[in-house]
Amino acid sequence: MINYFPEEVLWHVFSFLTSHPDRNAASLVCKSWYNVERFSRGKVFIGNCYAISPERMISRFPRVRSLTLKGKPHFADFNLIPQDWGGNVYPWIVAMAKGSTNLEELRLKRMVVSDESLELLAKSFPNFKSLVLVSCEGFTTDGLAAIASNCRFLRELDLQENEVEDRRGQWLSCFPDSCTSLSSLNFACLKGEVNVAALERLVARCRNLRSLRLNHAVPPDALQKILAQAPQLVDLGADSFVHDPESETYNKLKNVMQKCSSIRSLSGFLDVNARCLPSIYPICINLTSLNLSYAPGIYSKELVKLIHKCKKLQRLWILDTIGDKGLGVVASTCKELQELRVFPSDLHVVGNVAVTEEGLVAISAGCPNLNSLLYFCQQMTNAALITVAKNCPNFIRFRLCTLNPTIPDAVTMQPLDEGFGAIVQSCKGLKRLSVSGLLTDQVFLYIGMYAEQLEMLSIAFAGDSDKGMLYVLNGCKKLKKLEIRDSPFGNMALLADTGKYETMRSLWMSSCGVTFGGCKTLAEKMPRLNVEIINEGDEMEGRPDDRQKVEKMYLYRTLVGPRKDAPDFVWTL
Amino acid sequence: MAKDGLGLETELTLALPGGGGSDPSGSMEKKEKKRVFSEFSSDETTMVENKNEVVGWPPVCSYRRKNSFSMEEGTKMYVKVSMDGAPFLRKIDLSTREGYSCLLMDLEKLFGCYGIGEEDSSEYVPIYEDKDGDWMLVGDVPWQMFSRSCKRLRIMKRLDAKGIGLHAKDFHKGISIEA
């Protein structure tokens, strides 16, 4: 019956479909639904920029207004992927410019973005409103100047953790006086000076500014003046804070903070003197999000005092210098906590200041709404994980990282299989999991058995045999991304179910047991997968032997065959 | 395989079997060391062996590594530390400490002056000599500023500081400022 509805009705119904999985499902029902859906889709999400070509994307979704693209695989974050691997956004911008796409939003993650791309972007899309770049590289402040100068309706410029070359230009001054539409400006990752006067004027004329994250170059007295102009801010990031609690600036800052009653989210504090923290106490009571993970200057006692005031916190990112005791305070104060990330303050594993299983157990007991965790810790126990699983069955993301990657249960010296097993069994909605510590095939048996909603799994230094990987591939029906390093999985596991990889976005395996021969076999069998080998060996002499183990393999499904921009060190089999 | 030695002992190598890399772990080590986070120094303390030479572990993204863990990669900032009553001095590298908590805990370990980081329980007070030659109380200024200007450290007996009006509270930075 529904097939006979006029298109306008279908169109209207589809306008309520916002999630990509829903829209993808609807487009599979029949041809007419496919057509209505594709013309009505405004937001396109592409998790792997090499899975499809820009031209095909545009031809399927001609009315795309918002595009999200992801480039390099996740392990690129940890220096496992060499420079110039790929993930360049330029071809996408060229194609959309040619196709007269009415692009309004572009969100990129782990991609290479050149100044040329930014200039083309700025000049090709008159309605462009929002640029969000996360963990990208390849551009300079000249590219930002182009965006500022040309995008007349820019609402959002959000730069998160990018590598940006600072050309000491005046990119901020390039926002014309007529620009009053900014609601979000984040340049915390820029290293260089900015024109503070231009910034102050910009803030003053953008009355809708809700989110502002400044870099280290904005001095405290400027911060105070800016906040005075923007008491409506909801999200503030300030790297350079006042140093002297006796100073005039400190007093002014304290006073102005009291008026910023809308601030719900705070970050930065790279360079803060703990004695000046009381200036932010007035806003603590309303804070829902606090990121102090880049602030080593605040040590435990001060941090704890601060957190004591943040009773409404839902998201907290901190360093492990907070210690187990500090986490205990979080547990007793932040009853509404949903997301916690505890980062390592010291990469040298000196056993100095860190958190252990005790802190995590305390958090789980005090914060039953916890659903997202990233926890770098000195040690862990099965008993603790079992308790955490019982206390917090709502985990969607659970990432545990022991600083020593193969450390056993600190009390029993057993593998941590049972602990993670309890997590997957209890948390029925778990979508993302990272495991670490001493782990055998058993943990993968549990994951395969219980982690029914799991979409992303990260494995390092774990497992005993191919069986481990097989349990996961056979069991996790919704698996999209699997990344494995330094684990003894080989060809048998890789080739057991080759069709599985077409249901997934990608598979990464490095320092495992797969060989060239195995990868070649897979590539031959599955033409719709790109099986890429990354070679960094200087000792390479011609094609390696089939029995040779592969150092790094990245495979992904694609509709467009081998990529044409692969550098010399990437071989597509 | 990879589990016992965390990467360095792996036999994986890109060399042809029997030829090329006659010392597989050697060549891996060379390659891995090239990519290892550059400020790592393995010689200084008795830390767990080799854990840090695993590329990309712990999995902290490179932006965070560059922006959190040191100001200038590779530069060491050794300063002398003396304690009143101790027969000899020690040296400590400020560039590998992330903040005051770290520093104070290390001082406690080196000298056994437990409680130096706590408010009331210590008989000692840490002070430092700055670039101008003045002796300053540790903790007043942000860490980066401190580590750049500190020339030497001294762990002074609290009794000697009596006349200066040092309260245990002042020492722990701002706790007395209760709005």
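Everything numeric here is computed off the predicted structure, so don't read it as measured data.

Asks: Explanation requested: the overall build of chain A in the structure shown.
Replies: Of the regular secondary structure elements, chain A holds 20 helices and 23 strands. Seen along its three principal axes, the alpha-carbon backbone of chain A occupies a region of about 70 × 65 × 60 Å. A fraction of 71% describes how many contacts in chain A between residues 6 or more apart in sequence connect residues 24 or more apart. Carbon together with sulfur atoms contributes 51% to the accessible area of chain A, which is approximately 21700 Å² in total. Side-chain charges in chain A split into 66 positive and 61 negative, and the spacing between the mean points of these groups amounts to 8 Å.

Asks: Explanation requested: the state of the cysteines in the structure shown.
Replies: A covalent bond between the sulfur atoms of two cysteines is what we call a disulfide. Residues and elements named next belong to chain A. This model, assessed by the stated rule, comprises zero disulfides over all chains. The structure places no disulfide on Cys334, whose sulfur is separated from the nearest cysteine sulfur, that of Cys367, by 6.5 Å. With relative accessibility at 0%, the residue Cys334 sits in the buried group. With no disulfide of its own, Cys401 has Cys377 as its nearest cysteine by sulfur position, at a separation of 7.5 Å. Judged by relative accessible area, Cys401 falls into the buried class, the value being 5%.

Asks: Is there a simple way to explain the packing of aromatic side chains in this structure?
Replies: Two measures describe an aromatic ring pair: the distance that separates the ring centres and the angle between the ring planes. All names here are of chain A. This model, assessed by the stated rule, comprises 20 aromatic pairs over all chains. An angle of 65° between the planes, with centres 5.9 Å apart, marks the rings of Trp85 and Tyr554 as edge-to-face. In this pair, Trp85 sits in the loop between strand 2 (66-70) and helix 5 (90-98) while Tyr554 sits in strand 22 (residues 552-557), placing the two residues 469 residues apart along the sequence. Like Tyr554, Trp85 is buried. When the centroid spacing of 5.8 Å and the interplanar angle of 55° are considered together, the rings of Trp317 and Phe343 count as tilted. Note that Trp317 is positioned in strand 13 (residues 315-319) and Phe343 in strand 14 (residues 339-343), a separation of 26 residues in sequence. The exposure class assigned to Phe343 is buried, which follows from its relative accessible area of 6%.

Asks: Explain helix 4 (residues 100-111) of chain B here, please?
Replies: Count 3.6 residues to each turn of an α-helix, and residues three or four apart come out pointing the same way. With twelve residues, helix 4 of chain B should cover 16 Å at 1.5 Å per step; its first-to-last C-alpha distance of 16 Å lies within 8% of that length. For helix 4 of chain B, the buried fraction is high: nine of the twelve residues fall into the buried class. For helix 4 of chain B, every residue scored as buried is listed here: Tyr100, Ser101, Cys102, Leu103, Leu104, Asp106, Leu107, Glu108 and Phe111 of chain B. As for helix 4 of chain B, its buried residues are in contact with helix 12 (300-308) of chain A together with strand 1 (78-83), strand 2 (90-93), strand 3 (124-129), helix 5 (143-149) and strand 5 (152-157) of chain B.

Asks: Which parts of the structure should I look at to understand the nonpolar core?
Replies: Across soluble globular proteins, you tend to see nonpolar side chains buried next to one another. Counting 184 residues, the largest nonpolar core has Phe187, Phe241, Phe398 and Ile447 of chain A as its most contacted members. In terms of residue count, the dominant contributor to this core is helix 7 (residues 141-150) of chain A (five residues). Filtering out sequence-adjacent residues up to four positions away, Phe398 of chain A remains in contact with Leu373, Leu385, Val388, Phe420, Ile423, Leu430, Arg432, Leu433 and Ser434 of chain A. Of all hydrophobic cores here, the second largest spans 21 residues; its members include Val79, Leu103, Val138 and Leu153 of chain B.

Asks: Explain the UniProt feature "domain: Transport inhibitor response" (unreviewed entry) in chain A here, please?
Replies: Here the UniProt feature "domain: Transport inhibitor response" (unreviewed entry) sits at residues 62-108 of chain A. As annotated, residues 62-108 of chain A has a helix share of 19% and a strand share of 19%, and its two end C-alpha atoms lie 20 Å apart.

Asks: Help me out: how do you make sense of the side chain of Ser345 of chain A in this one?
Replies: All names here are of chain A. The topology assignment puts Ser345 in the loop between strand 14 and helix 14 (357-366). Judged by relative accessible area, Ser345 falls into the buried class, the value being 4%. In this structure the side chain of Ser345 is engaged in a polar contact, spanning 2.7 Å, whose partner is the side chain of Asp320.

Asks: I keep staring at the pattern of salt bridges and nothing clicks. Help me out?
Replies: Pairing of side chains with opposite charge becomes possible as their charged atoms draw close. Residue and element names in this part refer to chain A. Inspection of the entire model under this criterion finds 24 salt bridges over all chains. The partner of Arg563 in a salt bridge is Asp565, with the nearest N and O atoms 3.1 Å apart. Judged by relative accessible area, Arg563 falls into the buried class, the value being 9%. Overall, the relative accessible area of 37% leaves Asp565 in the partly exposed class.

Asks: For this particular structure, what's the right way to read the pairing of strand 16 (residues 397-402) of chain A?
Replies: As a general feature of sheets, a regular strand has side chains that alternate between the two faces. All names here are of chain A. Counting buried residues along strand 16, five of its six residues qualify, which places the element largely inside the surrounding structure. Each parallel crossover has a hand, and for strand 15 (residues 372-377) linked through helix 15 (residues 382-391) to strand 16 it is right-handed. Pairing between strand 16 and strand 17 (residues 432-434): three bridges, direction parallel. Within strand 17, the position partnered with Phe398 by the bridge is Leu433. Running through helix 16 (residues 417-426), the crossover from strand 16 to the neighbouring parallel element strand 17 is right-handed.

Asks: Help me out: how do you make sense of the confidence of the model for chain B in this one?
Replies: All names here are of chain B. Overall, the prediction assigns chain B a mean pLDDT of 64, with 53% of residues at 70 or greater. Here residues 1-9 is modelled with pLDDT under 50, and outside its nearest four sequence neighbours on either side it reaches 28 contacts, counting other chains as well. A low-confidence stretch, residues 15-52 (pLDDT under 50), is modelled with 64 contacts involving residues beyond four sequence positions or located in other chains.

Asks: What exactly am I supposed to notice about the packing of helix 15 of chain A against helix 16 of chain A here?
Replies: Two packed helices can be described by the angle between their axes and the distance between those axes. Residue and element names in this part refer to chain A. Look at helix 15 against helix 16: their axes get within 7 Å of each other, and the N-to-C directions meet at 5°. Classed by the angle they form, the pair helix 15 and helix 16 counts as roughly parallel. Side by side, helix 15 and helix 16 meet where Asn382, Leu385, Ile386, Val388 and Ala389 of the first sit next to Asp417, Glu418, Gly419, Phe420, Ala422, Ile423 and Ser426 of the second. Of the residues assigned to the contact of helix 15 with helix 16, the class counts are seven nonpolar, three polar and two charged.

Asks: What is the right way to read helix 3 (residues 31-40) of chain A from this model?
Replies: The set of residues buried in helix 3 of chain A consists of Trp33, Val36, Glu37, Arg38 and Ser40 of chain A. Buried residues along helix 3 of chain A sit in contact with helix 1 (7-14), helix 2 (20-27) and helix 4 (54-60) of chain A.

Asks: Quick question: what am I supposed to make of unusual backbone geometry here?
Replies: Most peptide bonds take the trans configuration, and most residues that are not glycine carry a negative phi. Look at the link from Trp57 of chain B to Pro58 of chain B: it is a cis peptide, with omega at -5°. Mapped onto the elements, Pro58 of chain B comes out in the loop between helix 2 (24-35) and helix 3 (62-68). Residues other than glycine seldom take positive phi values, yet Ser100 of chain A does so here, at roughly 50°. When you line up the elements, Ser100 of chain A lands in the loop between helix 5 and strand 3 (105-109). With a relative accessible area of 63%, Ser100 of chain A lands in the exposed category. Located in the positive-phi region is Phe461 of chain A, a residue other than glycine, with phi close to 55°. Positionally, Phe461 of chain A belongs in the loop between strand 18 (456-460) and helix 18 (466-475). The exposure class assigned to Phe461 of chain A is buried, which follows from its relative accessible area of 0%.

Asks: Looking at this structure, I do not really get the sheet that holds strand 2 of chain B. What am I missing?
Replies: To summarise the sheet geometry, strands pair through backbone hydrogen bonds and adopt either a parallel or an antiparallel arrangement. All names here are of chain B. With respect to topology, five strands assemble into an open sheet ordered 2-1-5-3-4, the strand pairing being mixed. Every interior strand has two partners, whereas the edge strands, strand 2 and strand 4 (135-137), have only one. Pairwise comparison of adjacent strand axes, ignoring direction, gives a mean angle of 35° for this sheet. Taken together, the six bridges between strand 3 and strand 5 define a ladder with antiparallel strand orientation. Within strand 5, the residue paired with Pro126 across the bridge is Ile155. Taken strand by strand, helix 4 contacts strand 1, strand 2, strand 3 and strand 5, and its axis lies near 155° from that of strand 2.

Asks: I keep staring at the packing of helix 9 (residues 220-229) of chain A against helix 10 (residues 248-259) of chain A and nothing clicks. Help me out?
Replies: Residues and elements named next belong to chain A. The N-to-C vectors of helix 9 and helix 10 enclose an angle of 25°; their axes lie 9 Å apart at closest approach. Classified by the interaxial angle, the pair formed by helix 9 and helix 10 is roughly parallel. Where helix 9 crosses over helix 10, the two elements pack in a sense that is left-handed. The segment helix 9 lies against helix 10, with Pro220, Asp221, Leu223, Gln224, Leu227 and Ala228 engaging Thr249, Lys252, Leu253, Val256 and Met257.

About the thresholds
- Residues numbered from 1 in each chain as written.
- Chains lettered and ligands numbered in written order.
- Predicted model: local features only at pLDDT ≥ 70, side-chain atom pairs only at ≥ 80, totals over all residues.
- Heavy atoms only, no water.
- Helix = DSSP H or I, 4+ residues; strand = E, 2+ residues; numbered from the N terminus.
- Contact = heavy atoms within 4.5 Å.
- Areas by Shrake-Rupley, 256 points an atom, 1.4 Å probe, with all protein chains shown as cover.
- Lys, Arg positive; Asp, Glu negative; His and termini not counted.
- Charge placed at Lys NZ, Arg CZ, Asp CG, Glu CD.
- Disulfide = S-S within 2.5 Å.
- Buried < 20%, exposed > 50% of the residue type's maximum accessible area, 1.4 Å probe, protein only.
- Phe/Tyr/Trp six-rings, centres within 6.5 Å; stacked < 30°, edge-to-face > 60°.
- Expected span 1.5 Å × (residues − 1).
- Core = buried A, V, L, I, M, F, W, Y, C linked by side-chain atoms within 4.5 Å.
- UniProt positions renumbered as here; feature names shortened; annotations may be inferred.
- Polar contact = N/O pair within 3.5 Å; in protein donor to acceptor, adjacent residues only side chain to side chain.
- Salt bridge = Lys/Arg side-chain N within 4 Å of Asp/Glu carboxyl O.
- Right-handed = clockwise from strand over helix to strand, strands pointing away.
- Pairing = 2+ DSSP bridges.
- pLDDT = per-residue confidence, 0-100.
- Axes fitted to C-alpha atoms, helices over the stretch in contact; angles between N-to-C directions.
- Parallel < 35°, antiparallel > 145°, perpendicular 65-115°, else oblique.
- Nonpolar A, V, L, I, M, F, W, Y, C, P; charged D, E, K, R; others polar.
- Left-handed = near helix turned anticlockwise from the far one by under 90°.

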